[in-house]
Structures are given as structure tokens and as C-alpha cells.
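Here are the chains, one letter per residue:
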Amino acid sequence: MKPVAPLRRSLRKARRDQRQRGAVLIELAIVLPLLLLLSLATIEFARAINAYKVVVNQVRQAARHLATKTPGSGHGEAACIVRYGLPNCSGTAIMSGLVTATVVVQDASNAQSTHRAQLTSTGSSGVAVNLVTVTASGVRYQLLTGGFLSGIFGNTTTITFSPISSTMRQTL
């Protein structure tokens, strides 16, 4: 009769393990959608930051290009650099949201009070330089999971970045 007691204990343990497996399955069913949502949101956020960084780099590149030009020249080239990465507007757009973006260039020819002959320091020891500013506004980023997450985070499938600008010294 002694061998029956270990058998009963093992049967009770097997039943308890089956109940535990059921509880683990229910916990997984509750937690898995939250983990997937968090993962998708993290990926989408990382993509948006990368797209913003691309736009910042393109605006900076356009300002750097204009810094080598004389005031009033190269404004169209700057817009092409922001949108296509090349001064002649050839090829495909770097990002779909850049095609419709507004690119504004300010230099000594069209913003004389703020960009012409600005002193680099206060007093008479400062050197006068011209400034050039390139601003991209209305840049739209298309969400990858826009349709899926639109009901959760508002009814939007795009993010519009705030205006991005870069100012550099320009040749006199």
C-alpha cells in the first residue's frame, strides 16, 4: 500500500501543473497584445526620429551649399538639395513628405535687416558677415502603422514636423 501514496502525489502534481499551464496561457493572452503594441509604437517612433534627422541633415546641407554662393543666388538649388539631395532636382525625393514641403531661403538679398553684414561680436572688433538661413516647413512623415494605430493615437496617418531651419555664414 505504500507505493500508492507517491502515485497519488504525482497525480495531484500533474493536475496542479495543468492548471498552472492554463493560467500562464491566460496571462500570455492578456500581456501579448500590450507587448506588440509597445513594440510597434517603439519602431514607429524610431522611424519618425530617423526621418526628422534626415530632414535636418538636408536643410543643413542646403545652407552649407548656399554659404559658398553670393547673396541672392542658389535659392532654387537649395530647395532641390532639401528635397532631392542634388542641386539640379534630379532623381527621386529623399522622403515623400519633402516633395510638398515649403523651403524658404533668407540671405542678404531678401532679408537685409537680419542677414546682411551682421557683426560676429559686439563692439568695434567684430567682423561683418552675411548669414543664410534655410527653413523647411510642412514636412509630413507617413506613419507605417497609421491605419492600425490611428484609432488609438487619434485619427491621423501622418505627422507634420515643426519648421526646421539652419543658419550659416555666407560669403560677402
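Our subject is the structure listed above.
Residues numbered from 1 in each chain as written. Predicted model: local features only at pLDDT ≥ 70, side-chain atom pairs only at ≥ 80, totals over all residues. Heavy atoms only, no water.

**Section: the pairing of strand β3 (residues 128-137)**
Among the 10 residues of β3, seven are classified as buried, and the element is accordingly described as predominantly covered. Note: strand β2 (residues 118-119) against β3, two bridges, orientation antiparallel. Paired with Gln-118 across the two strands is Val-129, which belongs to β3. In the sheet, β3 pairs with strand β6 (residues 164-170) via seven bridges, with the strands oriented antiparallel. In the strand pairing of β6, Ala-136 is matched with Ile-164. (Buried < 20%, exposed > 50% of the residue type's maximum accessible area, 1.4 Å probe, protein only. Helix = DSSP H or I, 4+ residues; strand = E, 2+ residues; numbered from the N terminus. Pairing = 2+ DSSP bridges.)

**Quick word on a nonpolar patch on the surface**
A surface patch of nonpolar side chains, about 390 Å² in accessible area, is lined by Leu-25, Leu-28, Leu-32 and Leu-36. As for its position among the elements, Leu-25 is in helix α1 (residues 4-67). (Patch = residues over 30% accessible without salt bridge, like charges linked within 9 Å, V, L, I, M, F, W, Y side chains within 5 Å. Areas by Shrake-Rupley, 256 points an atom, 1.4 Å probe, with all protein chains shown as cover. Salt bridge = Lys/Arg side-chain N within 4 Å of Asp/Glu carboxyl O.)

**Description of unusual backbone geometry**
Here Cys-89, not a glycine, exhibits a phi torsion of approximately 60 degrees, which is positive. Inspection of the secondary structure assignment puts Cys-89 in the loop between α2 (75-84) and β1 (102-106). With a relative accessible area of 35%, Cys-89 lands in the partly exposed category.

**Some details on the packing of aromatic side chains**
On inspection of all chains with the given rule, the structure shows two aromatic pairs. With a centroid separation of 5.3 Å and 85 degrees between ring planes, the pair formed by Tyr-52 and Phe-161 is classed as edge-to-face. Here the residue Tyr-52 occupies a position in helix α1, and Phe-161 occupies one in the loop between β5 (158-160) and β6, the gap between them amounting to 109 residues. A ring pair is formed by Tyr-141 and Phe-161, whose centres lie 6.4 Å apart and whose planes are at 15 degrees; its orientation type is stacked. Of this pair, Tyr-141 sits in strand β4 (residues 140-142) while Phe-161 sits in the loop between β5 and β6, and the two are 20 residues apart along the sequence. Looking at Tyr-141, the relative accessible area reads 5%, which means it is buried. (Phe/Tyr/Trp six-rings, centres within 6.5 Å; stacked < 30°, edge-to-face > 60°.)

**Observations regarding the environment of Thr-158**
Looking at where Thr-158 falls in the secondary structure, it is placed in strand β5. According to the relative accessible area criterion, Thr-158 is buried, its value standing at 17%. Linking Thr-158 and Gln-142, residues 16 residues apart in sequence, is a C-alpha distance of 4.5 Å. Discounting chain neighbours no more than four positions away, the residues touching Thr-158 are Arg-140, Tyr-141, Gln-142 and Leu-143. Within polar-contact distance, the side chain of Thr-158 engages the side chain of Arg-140 at 2.8 Å. (Contact = heavy atoms within 4.5 Å. Polar contact = N/O pair within 3.5 Å; in protein donor to acceptor, adjacent residues only side chain to side chain.)

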